[in-house]
Amino acid sequence: MNHIYWPEGYEPGFTENFVSNEVIVAGLSAAQIWPLLAIASNWPSYYANSANIRFYDNAGPELANNVRFYFETFGFPVEARCNEYQAPANGEPGRVAWHGWAGEEGADDRLDVHHAWLVEDLPGGRVRVLTQETQKGKGERFTSRRSRRRLHQVALGG
């Protein structure tokens, strides 16, 4: 099976927080799941903690490499840039990832994240969906104990 590509400085174990969730399902394909991830306006249909998604520079509604966008999660504003985008094709997995940030550059409460998805077809008509996120920075107001617990519950499907 494939793995997430991590940009330098965002590797799990070297950041303040890491969350991972994986599911393998029979009867679906990567191509069927891909629009749920690639078209950000679909996110609220399956993830209640996403809202107010909008794109900059006349981009969207589909994500693409280097596209800037904004969304809110757990009520927090997140600015983001898509830094990996590859639709599933020819036996290769789908990959989408973005760098997101909340707070001003250099501020004590700034939070930076790398959030990645990998969607791949498996033998036997199965699909694997892996999502992982690392978080850097103090970001106390964004990563309070309660928020971290909620993030882990969501990532683990609870």
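S.K.: What is the right way to read the overall build of the chain from this model?
M.R.: Across its full length, the chain holds two helices and seven strands. Secondary structure elements of the chain occur, N-terminal to C-terminal, as β-α-β-β-β-β-β-β-α. Scored against the burial criterion, the 158 residues of the chain give a buried share of 40%. Put simply, of all contacts in the chain between residues at least 6 apart along the chain, 50% involve residues at least 24 apart. A total of about 8700 Å² of accessible surface is found on the chain, and carbon and sulfur atoms cover 50% of it.

S.K.: What is the right way to read helix α1 (residues 30–38) from this model?
M.R.: Listing the buried residues of α1 in full gives Ala 30, Ile 33, Trp 34, Leu 37 and Ala 38. Taken down its axis, α1 places every buried residue within 130° of arc, on the same side. Tucked inside the fold, the buried residues of α1 contact β4 (76–86), β5 (94–102), β6 (111–122) and β7 (126–136).

Thresholds applied
- Residues numbered from 1 in each chain as written.
- Predicted model: local features only at pLDDT ≥ 70, side-chain atom pairs only at ≥ 80, totals over all residues.
- Heavy atoms only, no water.
- Helix = DSSP H or I, 4+ residues; strand = E, 2+ residues; numbered from the N terminus.
- Buried < 20%, exposed > 50% of the residue type's maximum accessible area, 1.4 Å probe, protein only.
- Contact = heavy atoms within 4.5 Å.
- Areas by Shrake-Rupley, 256 points an atom, 1.4 Å probe, with all protein chains shown as cover.
- Arc of directions from axis to C-beta.

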